[in-house]
Amino acid sequence: MAHLGFLKKKKTQENLSDQQERTERGILVFENTGEVIQAENLLKQHGWEVRVMGPPPEIRQGCDMVIEFPLIEELRILKILTTAGLAPLKTVPVTSPLLQPVDIFQIRDYGKYLMVRAANMKLTVDRETNIIVNISGGGCPDVPYLAAAMVGQPLAGAPSPREIGHTLCGYALQLAYEEVRRRCSV
Amino acid sequence: MLCIVGTVPDDRFTLTQGTVELQGNELRIGQASVGVNRGTAALLAAAATAAAVLKQPAPSACLVGDTGNGKGSRKLYRHMIDVLPQKAFQTITLHYLQPLIHWHKKMQAVIGDLTPRPCLIADAGFMYVAKMSGEAALYDLFTPDVGELAFLADEEAPHPFYTRGFILHENNRVPDLIARAYRHNNAARYLIVKGEKDYLADASGILETVDHPVEEVLEAIGGTGDTLTGLVSVLIDAGMSVREAAVAAMRTNRLAGQRAKPTPATQIGDIIRHIPRALEAVLSECGRQAE
C-alpha cells in the first residue's frame, strides 16, 4: 500500500504540474480562421512562441482554431495585434487540453509525381518541373479557390495557402505545401 | 427532383438557383455560368451528364460564391432555410459549404419538418458540419474518402484537421474505422468510402466492395470524389436503391477514370467527358437500360 500511496502522490504532483502549465497558457479567440492565420504569422514574425490549436468545446462554432500563447505576455501580444488591426474577440486561460492539429504526412510516390497528404488535403507536384499539378480532398469553400490559384504554378512562385486561404482545410493544405517544398528542396 | 447545394470559388457569384445545363466546359444556371472544375461544379457536371444519359430531368442547383470567408455560405444556409418548406425535392445533396454548427442545426430543424422527407446526401464541408453538430445520423449517405472516414471515426475531432494520429494510422483498417464511426453515432445511414477500393457500408459493416478497374492516380486528381457523389445522387434520385446506386456509381466513376488514361496531372474535366459511355456500359452490365 505504501507503494500505491507513493504512486498516488506522484500522480497528483504530475496533475498539478500539467494544470499549472496549462493555466500559464491562454488562447486568443478570433472572428474567423483567416484572422487566426494572419495573427499567427504576425506573432511568429515578432518571435513569439505561439501554436495554432483546436478550440475547447464550449467556444467551438465549426471550422475554427485558436492561438495558444504564454499568458504572462498577454498585454504585449494584444498590443501587437491591436496595432495591426487584428484584435482578438477575447482571450481565455487554458484550463483543459486542446486539440492538436494533425502532424502526420502521408506520401505517395508516383515516380515523376509526388503526392503529399496532410489531414484531408492532398497536393501533387511534378518532380521534374516542380509544377503543382493537382490539389484534392478537403471540404471547406476555399479549397476550390486555392486549387484554382495554385494548380499549374511552380512551387516557388505559387501563392501560399497561408496567405490566401481562410479555413482549416486551407491550413492543412499549407502543411502539405510546406512538406512538398521541403521534399523537393524548394 | 434532385437539388445540389454548394459553393463556387468566386465571391462575386451571387446566390443562384435553377436547373443546370452543361455546355462544353461550362455549367449554365439561368443567366449564370460556372467553369467545370473541382468542387461543387465537378459534382454538378457529373450529375447533369448522368441525368442526360438516364433521360432524367437535369438537377437543380443552389449555388453561391464563397472563397472561404464564409459570407456566401451564410447566405446559402439562410436561403435554404427560407425556401425548403416551399420545395418538394426528392433528393438533396449538400456539398462545399463553410461548416457552421448553428446554421446547420437551424437547417436541420426545417428539413425535419418536410413531408415526405427528402433523401439527404452530404459530402465535403456539409458532411463535416453534420458530424460536428452530432447530427450525422439524420443523413442517408455520406461519401468520405479514407482520411475523412478517420475523421468520422474520431469521436473527438470537430474537423479532419484535428483527427488524432492513432486513428489516422488506421487508414488501412477501413472496417474498423467504419465500425468506430457508427459506434459513436458519427455516420449517415450509409457510407460510400472512396479509395484504392471503394466501399458501401452501413451500421452492420461493409455491404459492397468495388475495386476494378484500378487507377491508383485517381486519388491525386481533384474532383474525383465530387463526381462520384454527383453520380450516386442522380442514380438514387432516379429511383435506384442506395445499394444499387452506390455500386453503379462507384463502377462508373472508376471506368470513366480509366478511360481518361489518367496521370496525376489529369484534370477532372477530362474524366467527366468519359462518364456517358462509362455509365451506359455499367447500366448495361447490370441489366438496366437508360429509361
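Residues numbered from 1 in each chain as written. Chains lettered and ligands numbered in written order. Predicted model: local features only at pLDDT ≥ 70, side-chain atom pairs only at ≥ 80, totals over all residues.

Asks: What is the right way to look at the sheet that holds strand S8 (residues 131-137) of chain A in this model?
Replies: Residue and element names in this part refer to chain A. Across the sheet, four strands lie side by side as S5-S6-S7-S8; this open sheet has antiparallel pairing. Sheet topology places strand S5 (105-109) and S8 at the edges, where each strand pairs with a single neighbour. Pairwise comparison of adjacent strand axes, ignoring direction, gives a mean angle of 20° for this sheet. When strand S7 (residues 121-126) meets S8, the two strands line up antiparallel, connected through six bridges. Its bridge partner lying in S8, Thr124 is registered against Asn134. (Pairing = 2+ DSSP bridges. Helix = DSSP H or I, 4+ residues; strand = E, 2+ residues; numbered from the N terminus. Axes fitted to C-alpha atoms, helices over the stretch in contact; angles between N-to-C directions.)

Asks: When you look at the domain arrangement of chain A in this model, what are you seeing that I'm missing?
Replies: Interface size, as often reported, equals the accessible area lost upon joining of the parts. All names here are of chain A. For chain A, the assigned domains are domain 1 (2-93) and domain 2 (105-183). Domain 1 puts seven residues into the contact, and the matching count from domain 2 is seven residues. Across the side of domain 1 that touches domain 2, the residue classes break down as three nonpolar, four polar and no charged. (Domains from an automatic or database assignment. Contact = placed C-beta atoms within 7 Å. Nonpolar A, V, L, I, M, F, W, Y, C, P; charged D, E, K, R; others polar.)

Asks: Before we go on, may I ask you to explain the packing of helix H1 (residues 40-53) of chain B against helix H8 (residues 224-237) of chain B in this structure?
Replies: Two quantities define a packed helix pair, namely the angle between the helix axes and the distance between the axes. Residue and element names in this part refer to chain B. In the contact formed by H1 and H8, the axes pass within 7 Å of each other and the chain directions differ by 40°. When the interaxial angle is binned, H1 and H8 end up oblique. Both H1 and H8 take part in a crossing whose hand is right-handed. In this structure, H1 uses Ala42, Leu43, Leu44, Ala46, Ala47, Ala50 and Ala51 to contact H8, whose residues at the interface are Asp226, Thr227, Thr229, Gly230, Leu231, Ser233 and Val234. Split into classes, the residues belonging to the contact of H1 with H8 amount to nine nonpolar, four polar and one charged. (Parallel < 35°, antiparallel > 145°, perpendicular 65-115°, else oblique. Left-handed = near helix turned anticlockwise from the far one by under 90°.)

Asks: What exactly am I supposed to notice about the interface of chain A and chain B here?
Replies: Contacts between chain A and chain B engage 41 residues on the former and 41 residues on the latter. Broken down by secondary-structure element, the contributors of at least two residues to the side of chain A that touches chain B are strand S6 (113-118), S7, S8, helix H4 (142-150) and helix H6 (168-183) of chain A. Among the elements that make up the side of chain A that touches chain B, the one with the highest residue count is H4(A) (six residues). Grouping the constituent residues of the side of chain A that touches chain B by class yields 21 nonpolar, 15 polar and five charged.

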